[in-house]
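Structure assessment
Take a look at the letters that make up each chain.
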2 protein chains.
Amino acid sequence: KDRASAVAVVKAGEQQAEIITTASTGNAAAALSGICASVGQKNVIFVPESAPPAKIAQLLVYNSTVMLVKGTYDDAFELCLEAADEYGWYNRNTGYNPYMTEGKKTAAYEICEQMKWQAPEVIFVSVGDGCIIGGLHKGLRDLRALGWIDRMPRLIGVQAEGSNFLYQAWKNGEDVLEKAPVCGQTIADSISAGLPRDRIKALAAVTETGGAFVQVSDDEILTAIPRLAQGSGVFGEPAGAAAFAGLVRAVEEGLVEANERIVILNTGNGLKDINSAMTGVEMTGIQPHHIEPSLDAVKALMGKP
Amino acid sequence: KDRASAVAVVKAGEQQAEIITTASTGNAAAALSGICASVGQKNVIFVPESAPPAKIAQLLVYNSTVMLVKGTYDDAFELCLEAADEYGWYNRNTGYNPYMTEGKKTAAYEICEQMKWQAPEVIFVSVGDGCIIGGLHKGLRDLRALGWIDRMPRLIGVQAEGSNFLYQAWKNGEDVLEKAPVCGQTIADSISAGLPRDRIKALAAVTETGGAFVQVSDDEILTAIPRLAQGSGVFGEPAGAAAFAGLVRAVEEGLVEANERIVILNTGNGLKDINSAMTGVEMTGIQPHHIEPSLDAVKALMGKP
């Protein structure tokens, strides 16, 4: 989100826009808000009132004008488009502003650079609006056209069961321009989108690379947080851990082979949603020990040296 | 803290230690915990029960054995030393393990590298146990001895008023080996230390570079969080923002000149203590707007386009 927001701030500057605006489930907002603060650019952010406190706190700390909309992300999105139109604000919205994909696609460059231009066989990424997976696809196509990589990775989009518009459309061969919105309810707030704004690009990313969509339950997402952290040292927020939960599901479904090199994108820091992390920890049976400050208390827990 | 923890994990590996242990106010613990998870190294962490939930959550997510000690950081520290001794665990503790400074000092290398080997005139860093400022000093001395930098920056240590052992000792010329512990109470939990473990190195860092200690109140720290964020895009936790609050105080006290190049170290991510961030936001009068999802609601707030 930082990459896309950086592009937005530059483009808004070119147009001498007084105000940039975006609607967001929280992460795009925080990215835009922080980058605007660093260059003194005014901005107005629309987020659903239900966004996690940590994400709202970031916006206020950066002194953005924060509109907590009494409704869903989809409501906040529509309102933001209307307001941008009415006031002439520079519009950073995903699926509306074509430059956002140009920011996101640099993630593909970075992955391939770090893998010494040997593209992985598969990339897993969680999907809400679909802008990240669409951006990855564009970046990989750039590298393929340049001849810097010699294969196109399969892109596997992971959706939450409660916000699975693209999974449904892909599985049932539905037309994403005709299909009605889904409800959009999941613990993974960053990928909660009833009507994905970048659904055309997201579907193309999966179908054109021979990839797939998988869906995972909120329970699978929550337990994936500690499992991913313990296995890798990477502490992701629910939407980030969802990509790892998707890999687990994909293995079960035979979508990947044991000898394939697989990249998993973590799209958010675990500190952004501590409550979900603690729920995941409790579900996997991990507990802290409350002890008196005495060696006997340690011995009672740990046994003899 | 990541740098020091990485060194600890390597040294523990050399000794084939089954368990690494540390006491921590939270950040060193999280750093050690995450690095241990990434390499499958068992560890036992002692933190005061009062540590912020986000910091405790990180340890559990990584599946460290977490001892929440009913007492202060100083109690947790003493208990950890005893347990390490009793069980033969590898001891990462600040002020005990000499290799930690070797990790911390790399921050000095990075600062000078990023400034193209033109050392800044002054560096501000918040001080709890004193390991970071001691490490910076050592790193700068390395670079000076190598001739890679041609001046030694003045190091200014910032302490919270409620945990100002080193400020007191420096100002009053007290012997840090004789001086009784202070209470150690501040909203900046990461620099709350009644008896700084690396007090000898910390004092030397300031006196040998012609620097100073300054102290700041909890209110100055809390309001520094949004001010730093709004001016730079950097969102720090209380201990991180304290270094910026210290610069404000140092300007008032005439400790720095307007034409000097000054580096401020931010030692912790703001997401680690959202409650303090929100308190700082409220103190500076920033508020979000709760609105119905209608353009009229936006107009009521923003006025005519």
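Residues numbered from 1 in each chain as written. Chains lettered and ligands numbered in written order. Predicted model: local features only at pLDDT ≥ 70, side-chain atom pairs only at ≥ 80, totals over all residues. Heavy atoms only, no water.

A word on the overall build of chain A
Counting its regular elements, chain A contains 13 helices and nine strands. Taken along its principal axes, the extent of the C-alpha atoms in chain A is 70 × 45 × 40 Å. Taking all 305 residues of chain A together, 59% fall into the buried category. Taking contacts inside chain A between residues at least 6 apart in sequence as the whole, the part at least 24 apart equals 70%. Looking at chain A as shown, the accessible area adds up to about 12200 Å², and 48% of this sits on carbon and sulfur atoms. On chain A, the mean spot of the 26 positive side-chain charges and the mean spot of the 36 negative ones are 6 Å from each other. (Helix = DSSP H or I, 4+ residues; strand = E, 2+ residues; numbered from the N terminus. Buried < 20%, exposed > 50% of the residue type's maximum accessible area, 1.4 Å probe, protein only. Contact = heavy atoms within 4.5 Å. Areas by Shrake-Rupley, 256 points an atom, 1.4 Å probe, with all protein chains shown as cover. Lys, Arg positive; Asp, Glu negative; His and termini not counted. Charge placed at Lys NZ, Arg CZ, Asp CG, Glu CD.)

What about the pattern of salt bridges?
Residues and elements named next belong to chain A. Enumeration according to the criterion identifies 42 salt bridges over all chains in this entry. As a salt-bridge pair, aspartate 142 and lysine 105 come within 3.0 Å of each other at their nearest N and O atoms. In this pair, aspartate 142 is assigned in helix α7 (residues 131-146) and lysine 105 in the loop between α5 (99-104) and α6 (106-114), connecting sequence segments 37 residues apart. Residue lysine 105 is classed as buried on the basis of its relative accessible area of 11%. (Salt bridge = Lys/Arg side-chain N within 4 Å of Asp/Glu carboxyl O.)

Description of the domain arrangement of chain A
Residue and element names in this part refer to chain A. Annotation of chain A at the domain level lists domain 1 (2-100) and domain 2 (105-283). Measuring from the centre of the C-alpha atoms in domain 1 to the corresponding centre in domain 2 gives 23 Å. The interface is formed by 14 residues belonging to domain 1 together with 17 residues belonging to domain 2. At the boundary of domain 1 with domain 2, total buried surface from both sides reaches about 1400 Å², with 42% on carbon and sulfur atoms. (Domains from an automatic or database assignment. Buried area = accessible area lost by both parts, 1.4 Å probe.)

Brief notes about the packing of helix α1 (residues 2-14) of chain A against helix α2 (residues 27-39) of chain A
Residue and element names in this part refer to chain A. At a closest axis distance of 8 Å, the pairing of α1 and α2 adopts a crossing angle of 45°. Relative to α2, the element α1 is oriented oblique. In the crossing of α1 with α2, the sense of the turn from one axis to the other is right-handed. Of α2, the residues touching α1 (which contributes Asp2, Ser5, Ala6 and Val9) are Ala28, Ala31, Leu32, Ile35, Cys36 and Val39. Considered class by class, the residues forming the contact of α1 with α2 number eight nonpolar, one polar and one charged. (Axes fitted to C-alpha atoms, helices over the stretch in contact; angles between N-to-C directions. Parallel < 35°, antiparallel > 145°, perpendicular 65-115°, else oblique. Left-handed = near helix turned anticlockwise from the far one by under 90°. Nonpolar A, V, L, I, M, F, W, Y, C, P; charged D, E, K, R; others polar.)

Observations concerning the packing of helix α7 (residues 131-146) of chain B against helix α9 (residues 199-208) of chain B
Residues and elements named next belong to chain B. Contact geometry for α7 and α9: axes closest at 8 Å, N-to-C directions at 50°. Here α9 runs oblique to α7, going by the angle between their axes. α9 is crossed by α7, and the crossing has left-handed handedness. For the pair α7 and α9, contact is made by Ile133, Gly134 and His137 and by Lys201, Ala202, Ala204, Ala205, Val206 and Glu208, respectively. Tallied by class, the residues present in the contact of α7 with α9 amount to five nonpolar, two polar and two charged.

Some details on the relation of the copies chain A and chain B
In screw terms, the move from chain A to chain B is a rotation of 180° and a rise of 0.0 Å along the axis, fitting with an RMSD of 0.0 Å. In the structure described here, the two chain copies are related by an operation that fits a two-fold rotation axis. Taking C-alpha positions as the reference, the residue of chain A nearest the rotation axis is Leu271(A), at 2.9 Å. Comparing contact sets, 100% of the residues at the interface of chain A also lie at the interface in chain B, consistent with an isologous, same-surface contact. (Least-squares fit on C-alpha atoms with pLDDT ≥ 70 in both.)

Brief notes about the state of the cysteines
Enumeration over the complete set of coordinates arrives at zero disulfides over all chains. Cys112(B) takes part in no disulfide bond, and the closest cysteine sulfur to it belongs to Cys131(B), at a distance of 18 Å. (Disulfide = S-S within 2.5 Å.)

Observations concerning unusual backbone geometry
Residue and element names in this part refer to chain B. The phi dihedral of glutamine 16 is positive, around 50°, even though this residue is not glycine. With respect to the helices and strands, glutamine 16 occurs in the loop between α1 (2-14) and β1 (19-23). Backbone geometry places asparagine 63, a non-glycine residue, at a positive phi of 60°. With respect to the secondary-structure elements, asparagine 63 resides in the loop between α3 (53-61) and β3 (65-69). In this structure asparagine 63 comes out as partly exposed when scored by relative accessible area, which is 40%.

Description of the sheet that holds strand β5 (residues 122-126) of chain A
Residue and element names in this part refer to chain A. Here we have four strands laid out as an open sheet, ordered β7-β6-β5-β8, and parallel in their pairing. At either margin of the open sheet sits one strand with a lone partner, and together these are β7 (212-216) and β8 (262-264). Taken over all neighbouring pairs, the strand axes of this sheet differ in orientation by 25° on average, direction set aside. As defined by bridge partners, strand β6 (residues 154-160) adjoins β7 across five bridges and the pair is classed as parallel. Bridging across to β7, glutamine 159 finds its partner in glutamine 215. Sitting on the sheet, helix α8 (residues 165-172) is in contact with β6 and β7, with an inclination near 130° to β7. Each of β5, β6, β7 and β8 is contacted by helix α11 (residues 238-252), which is oriented at about 135° to β5, the strand it contacts most. (Pairing = 2+ DSSP bridges.)

Overview of the nonpolar core
Among the nonpolar cores identified, the biggest contains 111 residues, and Phe124(A), Phe235(A), Phe124(B) and Phe235(B) are the most heavily contacted of them. Those residues within four positions of Phe235(B) in sequence are excluded, and the remaining contacts are Gln58(A), Val61(A), Tyr62(A), Ile225(B), Ala229(B), Asn266(B), Gly268(B), Asn269(B), Gly270(B), Leu271(B), Ile274(B) and Ala277(B). Within the second largest apolar cluster, 29 residues are counted, among which are Ala108(B), Ile111(B), Ala205(B) and Val263(B). (Core = buried A, V, L, I, M, F, W, Y, C linked by side-chain atoms within 4.5 Å.)

Here's the deal with the sheet that holds strand β4 (residues 90-91) of chain A
Picture the strands of a sheet paired through backbone hydrogen bonds; they go either parallel or antiparallel. Taken together, the five strands give an open sheet; going across it, the order is β4(A)-β1(A)-β2(A)-β3(A)-β9(B), and neighbouring strands pair in parallel fashion. Each having just a single partner strand, β4 of chain A together with β9 (289-291) of chain B make up the two edges of the open sheet. In the sheet, strand β3 (residues 65-69) of chain A pairs with β9(B) via three bridges, with the strands oriented parallel. By the bridge assignment for β9(B), Leu68(A) is matched with His290(B).

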